[in-house]
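For reference, the chains in residue letters:
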Amino acid sequence: MTSKKERKDREPACTWSLLPTEKDYRELYKKHLREKYLKFGDDKCYHQCKHIKSRLLLVKEHGVSEKTPHGIPQQDHFIDMEHVFDPNEEGSTSSRTVVLQGCPGTGKTVVVQKFMFDWAAGMVTPGRFDYLIYINCREISHTVNLSAADLVTDTFQDISGPKLDIIFRYPEKLLFIFDGFPELQYPICDQEEDFSVNPWEKKPVETLLCSFLRKKLLPESSLLITARLTAMKKLHSLLKQPIQAEILWFTDAEKKAYFLSQFLEANAAMEVFCSLQGSKGSDIVSSLPLVSWMLCSVLQSQVDDDRTLLRSLQTMTDMYLFYFSKCLKSLIGISVWKGQSCLWGLCSLAAEGLQKHQVLFTVSDLRRHGIGAYDISGLFLAHFLKKAEGGVNIYTFLHFSFQEFLTAVFYALKNENSCLFGDHKGKPWQKIFQYGKGFSSLMIQFLFGLLHKGKGKTVENTFGRKVSPGLREELLRWTEREIKDKYSRLEIELVDLFHCLYEMQEEEFARRIIDNLQSIMFLQSTYTNMDLLAMSFCVKGSFSYLSMSLKCQHLLGFDEEVQALAFMPPALTFTRFVLFIPFRSLKLGNLPVSRLYLLCQALCNPNCKIKDLKLIFCHLTASCGRDLSSVFETNHYLTDLEFVRSTLEDSGVKHLCEGLKQPNCILQALRLYRCLISSASCRALAAVLSTNERLTELEFSETKLEASALKLLCEGLKDPRCKLQKLKLRGSILLENSEAICKYLASVLVCNPHLTELDLSKNPLGDKGVNYLCKGLRHSNCNVEKLDLSQCYLTDASCVELSSFLKMRQTLKELFVFANVLGDIGIQHLCEGLLHAKCTIENLVLSECSLSATCCESLAQILISSQALTKLLLINNKIEDLGLRLLCEGLKQPDCQLKDLALWTCHLTGACCQDLCNALYTNEHLRDLDLSDNALGDEGVKMLCEGLKHPYCKLHTLWLAECHLTDACCGALSSILYRNENLILLDLSGNDLKDFGVQMLCDALSHPTCRLQTF
C-alpha cells in the first residue's frame, strides 16, 4: 500500500490530474445518497426517525475517572452525534471508531441512515470524508469470501463510481459503516497471520471484519458500527478505545408526538397513548421505537376495541404477538386459514434462515416454504417482508427481530422434527442455540414468552397450531442446568436471564429459577427501564435470601436526566459515549419517579427477600431517597444497605433517613464507601441513630468527613437511645481534623456502653489522637471489644497509652495496629498491658510494625501467660531465625493457647525449622501456620515435617508458598500426607516443583488416610 510520505510527494501531480474527476464522483455519490435517504430528512419521517434525538452522553472508558473525587462519575456530559467525528482538542482528525449500540428496535439503522443523509447534504463533518461505505453485516454473513474492494464496489453498484485505487489512496477520507455487527455471532480470529492487510485480498467474512476492527486493514480509515448490546463484549475484545453511543427509547413526549404523527385523528392517537400508560409494562415496552411503529401500523382503525387489551401487553412477546394477530384479522379477500398458512411458511423460512445465517431470500426460497407468487405480491405479507435494496425479487424481513420472533414460534409450535433441549444430536434447534448466545438471544427470550400459559389460545388462533405439550417443563429443566453449569463461572449475564423470565410472566416459574441463585450482580455501565422492569419482576418473590449489587452509573429513562440536557460538553477528550434519550415523566407527589423506582417497587413487595443491597455510582437525589425510604416502611428482609462511590445529596439523605426512622425499619447496617456526603446529611443520620434501635452498624470507608459532620454524628451516638454496636471510619478523617475528632469519639466512648467495635484504620490520628482516644477507652462505660488502629501514623508513644488502657479495661478482644512504626520498644510497652492478669486479647495483629528479634522475648512471655490469645500476625517484620527461636520457647509451653501464627515474609531460613519442629512436638493447639515467602529451602521443610509427624501436632493448614522449595522436599511432604490425618490445606504455590515432585504428592493424596482438601 502506498505510504503517507509517498502520497505526499506525489500529491500535487495527483491533485492536478484527478481532482476534478474525484470531485465529480463525490458529488454524484452524495446526490445518490440524498435521493436514496430523502425520507430521512427533516421534512419527512420514516417510522420514528425524526423523533429520535441524537444527543450523546459522554462518559470515560470503564465509567470512572481517577481525577474525580473518590472516582465518582461526575455530571453527565452530552454531545450531538453530528460532532462525533469532529477534531479533538489538539485539532487531530485521526482515525476514529464509533459504536452505536442499543436493544433491537431502538433505531440504530435509522440513525445511521439519517447520518448518511445529513452528510450527503453537507450538514455533518464537512470535508472530513470523501465516501461513506455502508455494509449490512447480516446480508453479507452467508457470503464465503469477500475483500474490502468488494465492499466498496457494492456501494457504487447503482451509480458510476471512481476507480478503486483512487479511493484506497486516501483511506483517511473513508468512513466504513458496519450495520448490525455481529448479529449472527461470527467467530473471532486470533492469529495475526489470518488478518487481511490487502484491500483486494478475499477473506472469510468474519476475518475481513476482524481485520477492519483490529485496524489491520486500511487502518487510517474511520469506522461507524451498529450492534446490539449483547455484541459489545465481543466488540470490546476487537476494538481499541472505541467511542460508544447507546440509543435509548422514546420519552413520553417523543412517543406522544410519534403517535400523533401516525394517526389521522388526534383523539385516536391519544386514546392509544393513554391506554398504554395504564400499566407499567405496556408503557415501558411501547416506548421502544419499533414497537411504537408496530402498534401504530395495526391500530389505525380499531382503537376502541383494543383499549383494554393494550393495557395487558406487558412484554415484547405480547407486542409482537399482538401485531401478527392484528395483521391476520385485517385480511381482506383471503381466508384466515390461508393467512395462517402464510404465517407458518414465514416461521419455517425464518428458522431456516437463522440456522443458515441468512436474511436475504429469493422467490424460490419463499415458494419452498409454501408461500406462492400471489401471496408475495399481496398486501398481507407486506406487513412482514420487504424487497431488499439493490436486489431483484430478493426479500428480507421488515426487521431482523421479526425473523427471530417467527423462529421462536416455529420451535415453540412444531414438535415433530425437533427436540429443543434433549440430548439428541444434529437437531436444528440445538445447532441454533449453540450458535447463539443463550439467554441473551432475543429468539430465546421470545420462546420463553410464547410458553406463557395464557398465550396459548392467541398463538393457536394466529398461527393455527398449538404450543408443544411438555415444552415448559423441558425449558425449566434446561434453564436450571444452564445456571448450574455456567452461573458460577460467570458465563451468564443475569439481566439476560431475567428478560427471559419476565417474558414468560409466570412468577412461580421465575421463583424456581431465582432460588438457584445466591447473589444478583448488575454491574454493566448502563441499564434501561426494560432491564430494571425485568429485574424487578424476578426478585420480588424469591423463596431464598439474596444479595444484590446494582451499578447505577446510567439508569436511564427518567425525568431526572432531563436537567442535564442543557449542559454542552467541551471538545472530545473522552473515549466512550452513550446516546441519551430521556424516558419517563411520571411523578409521585412533587418529585419525579427516581431511577431506583422499579427496584424499590420490588423491594416493597412483602415476598422480596433481598437481605443486602449494594448501590454503586448511585446519585442519591430527593426522589431516590424518597423511593428508598418507602422500602423501609414495608420490607421485612433488607438488613444491609451499602452505597459505593456515590454522591449523596442532602435532600436524598433526608428522605432516606425518614424511612430509617420508621418503626418497621429493620435495617441493621448502613455502609458508605468512597461517597460524597455533607455535614447536613450527617445531621440527618445522627437523628436516625437516636431513634432507630435496630441499626447496629454504621460504616464510612474512604468517605472524607469534615469535623463538623463527625461532631454531629457523635452527638447522635451519645444519645441514650442509640444502640449502635459497630462504628467504622476507615480512611475518612482528614489530617487537620484528626485530634478534634478523637476528642469527639472519646466522649462517645464515655457515654455509649453499646459500642463494641471501633475501626479507625487508614486515618492520620498520630500519637496525640490516640492519647485523646484512650481517655475514652479507659472509661468504665467503654465496652469496646475490637479496636482497629492500622495505618494511623502511630509510634511507640501510642503503645504506652494503649498499654495503660489494656491494664484498666478487660473488654478488648481484638487489637489491630498493622502498618504503624511501633518498633521493638513500642511492642515491649504494649506487652506490659498484655501481660496483665485479666487481659482478654484473643487476636493481635502486629504486621508491618518494624519489629525485629528484640521484641520476640516479650511476645513469647505473652504466649506463655495469656490464656486468651489465639491469633498472632507478625507478617512482614524482620523477625529472623533468632526471633522465631524466642517465640518457639513460648509455643512449647503447655499453657500456650495460640491457634493461628502468621510469619509471612519474616526473613526466616531453614535454620529456624528445628525450633518449629520442637514446638510442634509439644503444642496441641496450633491449627494454622503461615511461613510463606521465607527462604526455608528443602532441608528446612524436611526438618519441619518431622514435627508434623508427631501425634501431638494438630495443624490443619500449612502455608509454604514461595519458600524456595524443589522436588527434593516432596518425599518428606508426601510422608506427612500419608500419616497426618489433621492437615486439610497445604499451599506450595510459587515453588520450583517439577513433574516428579508433583507426582509424589498426588500419589499421597490418593491414600485413604490423607485428609487434604485444598492443595
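The rules behind the values
- Residues numbered from 1 in each chain as written.
- Predicted model: local features only at pLDDT ≥ 70, side-chain atom pairs only at ≥ 80, totals over all residues.
- Heavy atoms only, no water.
- Helix = DSSP H or I, 4+ residues; strand = E, 2+ residues; numbered from the N terminus.
- Buried < 20%, exposed > 50% of the residue type's maximum accessible area, 1.4 Å probe, protein only.
- Contact = heavy atoms within 4.5 Å.
- Areas by Shrake-Rupley, 256 points an atom, 1.4 Å probe, with all protein chains shown as cover.
- Pairing = 2+ DSSP bridges.
- Right-handed = clockwise from strand over helix to strand, strands pointing away.
- Axes fitted to C-alpha atoms, helices over the stretch in contact; angles between N-to-C directions.
- Salt bridge = Lys/Arg side-chain N within 4 Å of Asp/Glu carboxyl O.
- Phe/Tyr/Trp six-rings, centres within 6.5 Å; stacked < 30°, edge-to-face > 60°.
- Core = buried A, V, L, I, M, F, W, Y, C linked by side-chain atoms within 4.5 Å.
- Disulfide = S-S within 2.5 Å.
- Parallel < 35°, antiparallel > 145°, perpendicular 65-115°, else oblique.
- Left-handed = near helix turned anticlockwise from the far one by under 90°.
- Nonpolar A, V, L, I, M, F, W, Y, C, P; charged D, E, K, R; others polar.
- pLDDT = per-residue confidence, 0-100.
- Expected span 1.5 Å × (residues − 1).

K.L.:
How would you summarise the overall build of the chain if you had to cite specific residues and measurements?
P.N.:
Counting its regular elements, the chain contains 39 helices and 35 strands. Out of the 1015 residues in the chain, the part that is buried amounts to 57%. The contacts of the chain with a sequence gap of at least 6 include a subset with a gap of at least 24, amounting to 82%. A total accessible area of about 40,900 Å² is found for the chain, and carbon and sulfur atoms account for 51% of it.

K.L.:
Tell me what's going on with the pairing of strand 24 (residues 669-673), and back it up with residues and numbers.
P.N.:
The element strand 24 is extensively covered by neighbouring structure, given that four of its five residues are classed as buried. Bridge analysis of strand 22 (residues 640-644) against strand 24 gives five bridges, and the strand direction is parallel. Paired with Asp 640 across the strands is Ala 669, a residue of strand 24. For strand 24 and strand 25 (residues 697-701), the ladder comprises five bridges, and the chain directions are parallel. Counted as the bridge partner of Ala 669 is Glu 697 from strand 25. As a crossover connection, the stretch from strand 24 through helix 28 (residues 679-689) into strand 25 is right-handed.

K.L.:
Let's hear about the sheet that holds strand 10 (residues 361-362): which residues, and what values?
P.N.:
An order of 10-12-11 is seen for the three strands of this open sheet, with the pairing classed as antiparallel. One side of each edge strand has no neighbouring strand; the edge strands of this open sheet are strand 10 and strand 11 (385-387). Direction of pairing for strand 10 relative to strand 12 (residues 394-397): antiparallel, over a ladder of two bridges. Counted as the bridge partner of Phe 361 is Tyr 395 from strand 12. The sheet contacts of helix 14 (residues 336-355) involve strand 10, strand 11 and strand 12, and relative to strand 12 the element is tilted by about 90°.

K.L.:
How would you sum up the pairing of strand 12? Please name residues and give values.
P.N.:
Here strand 12 shows a buried face lined by Ile 394 and Thr 396 and a second buried face lined by Tyr 395 and Phe 397. The pairing of strand 11 with strand 12 spans three bridges and is antiparallel. Pairing of Lys 386 across the sheet is with Thr 396, part of strand 12.

K.L.:
Pulling in residues and values, what's your account of the pattern of salt bridges?
P.N.:
Applying the stated criterion across every chain yields a total of 34 salt bridges. When the shortest N-O distance is used, the salt bridge between Lys 356 and Glu 352 registers 3.8 Å. Several salt bridges converge on common partners, so that one network encompasses Asp 640, Arg 671, Glu 697, Glu 699, Lys 728, Arg 730, Glu 757, Asp 759 and Lys 786.

K.L.:
Quick rundown of the packing of aromatic side chains? Include the residues and the values.
P.N.:
According to the stated counting rule, one finds 36 aromatic pairs in the structure shown. Considering the side-chain rings of Phe 176 and Phe 178, the 6.4 Å spacing of their centres and the 15° angle between planes classify their relative orientation as stacked. Between the aromatic rings of Tyr 323 and Phe 384, the centroid separation amounts to 6.2 Å while the plane-to-plane angle is 85°, which identifies the pairing as edge-to-face. Within this pair, whereas Tyr 323 is found in helix 13 (residues 316-329), its partner Phe 384 is found in the loop between helix 16 (373-377) and strand 11, the two being separated by 61 residues in sequence. There is no split in this pair, since Tyr 323 and Phe 384 are both buried. Taken together, the ring pairs in this structure connect Trp 293, Tyr 320, Tyr 323, Phe 324, Phe 380, Phe 384, Phe 402, Phe 405, Phe 446 and Phe 463 into an aromatic cluster.

K.L.:
With reference to specific residues and values, describe the nonpolar core.
P.N.:
It is characteristic of soluble globular proteins that their nonpolar side chains tend to be buried jointly. Counting residues in each nonpolar core, the largest one holds 252 residues, and the members touching the most others are Phe 498 and Leu 960. A total of ten residues in this core trace back to one element, the largest contributor, which is helix 17 (residues 400-413). If near-sequence neighbours (up to four positions away) are discounted, Leu 960 is found in contact with Leu 931, Ser 932, Leu 936, Val 941, Leu 944, Leu 965, Leu 973, Leu 986, Asp 987, Leu 988, Ser 989 and Asn 991. By size, the runner-up hydrophobic cluster in this structure holds 61 residues, among which are Val 84, Val 99, Leu 100 and Leu 151.

K.L.:
Describe the sheet that holds strand 8 (residues 222-228), with residues and values.
P.N.:
Note on sheets: strands pair through backbone hydrogen bonds, and any given pair is parallel or antiparallel. Taken in spatial order, the five strands of this open sheet run 4-6-8-3-9, and their pairing is parallel. Two strands lie at the open edges of the sheet, namely strand 4 (131-136) and strand 9 (243-246), each paired on one side alone. Looking at each pair of strands side by side, their axes are set apart by 15° on average, direction ignored. Relative to strand 9, strand 3 (residues 97-102) runs parallel, the two being bridged by four bridges. Within strand 9, the position partnered with Val 99 by the bridge is Gln 244. In this fold helix 4 (residues 148-155) packs onto strand 4 and strand 6 (174-179), with an angle of close to 105° to the strand it touches most, strand 4.

K.L.:
Please give an account of the state of the cysteines that cites residues and values.
P.N.:
Using the criterion set out here, one finds zero disulfides in the structure. Of all cysteine sulfurs, the one in Cys 855 lies closest to Cys 831, which takes part in no disulfide; the gap is 7.3 Å. Between Cys 912, a free cysteine, and Cys 913, which holds the nearest cysteine sulfur, the sulfur-to-sulfur gap is 4.4 Å. For Cys 912, a relative accessible area of 1% corresponds to the buried category.

K.L.:
I'd like a rundown of helix 11 (residues 289-298), residues and numbers included.
P.N.:
For helix 11, the buried fraction is high: nine of the ten residues fall into the buried class. Residues Pro 289, Leu 290, Val 291, Ser 292, Trp 293, Met 294, Leu 295, Cys 296 and Val 298 constitute the buried set of helix 11.

K.L.:
Can you explain the packing of helix 22 (residues 494-504) against helix 23 (residues 507-514)? Please cite residues and give values.
P.N.:
For the pair helix 22 and helix 23, interaxial distance at closest approach is 8 Å and the crossing angle is 155°. By the criterion of interaxial angle, the relationship of helix 22 to helix 23 is roughly antiparallel. In this structure, the crossing between helix 22 and helix 23 has a hand that is right-handed. Residues Leu 497, Phe 498, Leu 501 and Met 504 of helix 22 pack against Phe 509, Ala 510, Ile 513 and Ile 514 of helix 23. A breakdown of the residues in the contact of helix 22 with helix 23 according to their chemical character gives eight nonpolar, no polar and no charged.

K.L.:
Give a detailed account of the confidence of the model for the chain, specifying residues and quantitative values.
P.N.:
When pLDDT is averaged across the chain, the result is 82; 84% of the residues are at 70 or more. Long-range and interchain partners of residues 417-430, a stretch whose pLDDT sits below 50, account for 29 contacts in this model, where long-range means more than four residues apart.

K.L.:
Describe in detail the side chain of Ser 292, supporting the description with residues and values.
P.N.:
Residue position: Ser 292 is located in helix 11. Apart from the residues within four sequence positions on either side, Ser 292 is in contact with Phe 250, Lys 255, Tyr 258, Phe 259, Ser 286 and Ser 287.

K.L.:
Could you give an account of helix 21 (residues 471-486), with specific residues and numbers?
P.N.:
The terminal C-alpha atoms of helix 21 lie 22 Å apart, and with 16 residues this matches the ideal 22 Å at 1.5 Å per residue to within 8%. What helix 21 keeps buried is the set Leu 471, Leu 475, Leu 476, Trp 478, Thr 479, Glu 482 and Ile 483.

K.L.:
Could you give an account of the environment of Phe 322, with specific residues and numbers?
P.N.:
Here Phe 322 is to be found in helix 13. Between the alpha carbons of Phe 322 and Thr 462 there is a distance of 9.3 Å; along the sequence they are 140 residues apart. Non-local contacts of Phe 322, meaning those with residues more than four positions away in its chain, are made with Leu 295, Val 298, Leu 299, Asp 306, Leu 309, Leu 310 and Leu 313.

K.L.:
Report on the packing of helix 33 (residues 823-834) against helix 34 (residues 856-865), specifying residues and quantitative values.
P.N.:
Put simply, helix 33 and helix 34 touch, their axes get as near as 9 Å, and they point 15° apart. If you check the angle between helix 33 and helix 34, you find them roughly parallel. Seen along the crossing, helix 33 lies across helix 34 with a hand that is left-handed. Here Ile 827, Gln 828, Cys 831 and Leu 834 of helix 33 come into contact with helix 34, specifically with Ser 858, Leu 859 and Ile 862. Among the residues making up the contact of helix 33 with helix 34, the classes are represented as five nonpolar, two polar and no charged.

K.L.:
An account of unusual backbone geometry is needed here, citing residue identities and associated values.
P.N.:
Positive phi, normally seen in glycine, also occurs at Thr 125, with a value near 40°. Classification of Thr 125 by relative accessible area gives buried; the value is 6%.

K.L.:
If you had to explain the environment of Cys 274 to someone new, which residues and values would you point to?
P.N.:
Assignment of secondary structure puts Cys 274 in helix 9 (residues 266-276). Take Cys 274: its relative accessible area is 45%, and that puts it in the partly exposed class. Sequence separation between Cys 274 and Lys 256 is 18 residues; the distance between their C-alpha atoms is 9.3 Å.

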